[in-house]
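Tertiary structure, described
So you can see what is in the structure, the chains are spelled out below.
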Amino acid sequence: MDEYQIKAYLLEAVTRRSQGESLATFEHQPQVETWLQQAYQHADFELDEPLRKKIFRDVRAELLGYGPLQILLDDEDISEIMVNGAKQVYVERMGELRDTNITFEDDNHVMRIIDRILSPLGRQVNYDSPTADARLPDGSRVNIAIPPVVLDGPVITIRKFLKQHLTIEQLIQLGSLTTHMAQFLQACVAARLNIVVTGNTSSGKTTLLNNLTQYIPGNERIITIEDAAELSLRQKYAVRMETKSPNVDGSGAVSPRDLVRNALRMRPDRIVIGEVRGSEALDMLQAMNTGHEGSLTTLHANAPRDAISRLETMAMMAGLEIPLMAIRKQIVSAVDLIVHMQRFTDGSRKIVRISEIPRMESDIATLSDIFVFEQTGMDAAGRIEGKLRATGLRPLFTPRLEVAGFKLGGEIFGAV
């Protein structure tokens, strides 16, 4: 018997002992281990110890976890897992894409793992509904796509939920920002400025947002709104809200816009939106303009200027006949600061621009950079070289920082 045949034999033996009962729960683990040992001894296999341990690990993962993916899910250095059909599995580790030696038996094996992911949520994928979003019990986000919308077999993309978020001190050590930038952002959050964190995919927006929320005073009532709960607030009066996907019949969905509207009735001191994606942008802008100062959110954008354009587009998705210029004025009035992050080719993530939106000039929202990252090149190892620096400009909202008790020295803004 080869390795696959031995695995199949042990799987069948344990499944038969379980009489078809679902084993994917923690309390079944000791019983599964006993049945596995008995099946192995009964078959009288003679395997060397490393191979036996590998086969036992794979069988346990198939019965109790997510098959070949389980070892990747257990690896804390891996942030994303990508399955492109049965024979190609790669991961993001330390910010870089890397191949693995993990494979599935065939596409049917991938589909069994997909079913393992979706079944507890009461969802499924098929020819008529070939895509789905899901979440694992640990909070990791999953996207699934199967034929006919993908051509080379089922695709699974898992963004793992990090149990330990990077602290602001760790981000400073990694070069994502400077101590002066951190002091400035702390003052802005405490002074109740409205802040939008922007960046491309996997640039570290949520990690930074999570750190910014730690600067919110503990006596404020905070409402967080997310598609999948990732923020970990330590404040006593925090309320966490999460969107809901539609039921199988298409009913019962709760959108971010529904939650933003509901949050306004919950006496919030602050509203924190994990990511603005659509029409909820209009409600968020109105909240920022009507007394809910100190709101925080993220959105996908390639630059601060693009972020303004995206906010305009998303606000127009609300379906109300509001002139573009009125929306633009709302953005300038509501958003005080844009913090733009970028993921570089070497896997590093940095705040590359902190910009104020001071005013409108000739119907255009102006941007004033307070901090910037200047790339100077790359070293021999392919690492990005550059400098995070202040531009020398003080923001127009400096008096608000001073009223809040933050008298930032000239050295923070690059004064000589």
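What you see is a predicted model; the values in this text were computed from it and never measured. (Residues numbered from 1 in each chain as written. Predicted model: local features only at pLDDT ≥ 70, side-chain atom pairs only at ≥ 80, totals over all residues. Heavy atoms only, no water.)

Okay, the sheet that holds strand β2 (residues 89-93) next. Spatially, six strands are ordered β3-β2-β1-β6-β5-β4 in an open sheet, and the strand pairing comes out antiparallel. The sheet is open, and its two borders are formed by β3 (96-99) and β4 (131-135), each paired with just one other strand. Direction aside, neighbouring strands of the sheet carry axes that sit 20 degrees apart on average. Here strand β1 (residues 78-84) pairs with strand β6 (residues 155-159) via five bridges, running antiparallel. Along β6, the bridge assignment pairs E80 with R159. Of the strands in this sheet, β1, β4, β5 (141-145) and β6 are in contact with helix α5 (residues 107-118), which crosses β5 at around 135 degrees. (Pairing = 2+ DSSP bridges. Helix = DSSP H or I, 4+ residues; strand = E, 2+ residues; numbered from the N terminus. Axes fitted to C-alpha atoms, helices over the stretch in contact; angles between N-to-C directions. Contact = heavy atoms within 4.5 Å.)

Here the protein chain shows a mean pLDDT of 87. Residues at 70 or above account for 95%. Model confidence for the protein chain, summarised as mean pLDDT per element, is weakest for helix α1 (residues 3-18) at 71 and strongest for strand β7 (residues 195-199) at 97. (pLDDT = per-residue confidence, 0-100.)

What follows deals with unusual backbone geometry. The bulk of non-glycine residues show a negative phi, and the bulk of peptide bonds are trans. In this structure, the amide linkage connecting P147 to the following residue, P148, adopts the cis form with an omega of 15 degrees. Position of P148 among the secondary structure elements: in the loop between β5 and β6. The phi dihedral of S362 is positive, around 55 degrees, even though this residue is not glycine. Structurally, S362 is set in the loop between β14 (360-361) and β15 (364-365).

Right, let's talk about the packing of aromatic side chains for a bit. Following the criterion strictly, the structure yields four aromatic pairs and no others. Centroid distance F344 to F373: 5.5 Å. Interplanar angle 65 degrees. Geometry classified as edge-to-face. Linking F344 in the loop between β12 (337-343) and β13 (349-356) with F373 in strand β16 (residues 368-378), this pair joins segments that are 29 residues apart in sequence. The burial state of F344 is the same as that of F373; both residues are buried. Within the aromatic cluster, the residues linked to one another by ring pairs are F184, F371, F397 and F413. (Phe/Tyr/Trp six-rings, centres within 6.5 Å; stacked < 30°, edge-to-face > 60°. Buried < 20%, exposed > 50% of the residue type's maximum accessible area, 1.4 Å probe, protein only.)

What follows is about the packing of helix α10 (residues 280-288) against helix α12 (residues 324-334). Remark: α10 packs on α12, axes separated minimally by 9 Å, with the N-to-C direction vectors making an angle of 50 degrees. When the interaxial angle is binned, α10 and α12 end up oblique. The handedness of the crossing between α10 and α12 is left-handed. For the pair α10 and α12, contact is made by L282, L285, Q286 and M288 and by Q330, I331 and A334, respectively. Across the contact of α10 with α12, the residue classes tally to five nonpolar, two polar and no charged. (Parallel < 35°, antiparallel > 145°, perpendicular 65-115°, else oblique. Left-handed = near helix turned anticlockwise from the far one by under 90°. Nonpolar A, V, L, I, M, F, W, Y, C, P; charged D, E, K, R; others polar.)

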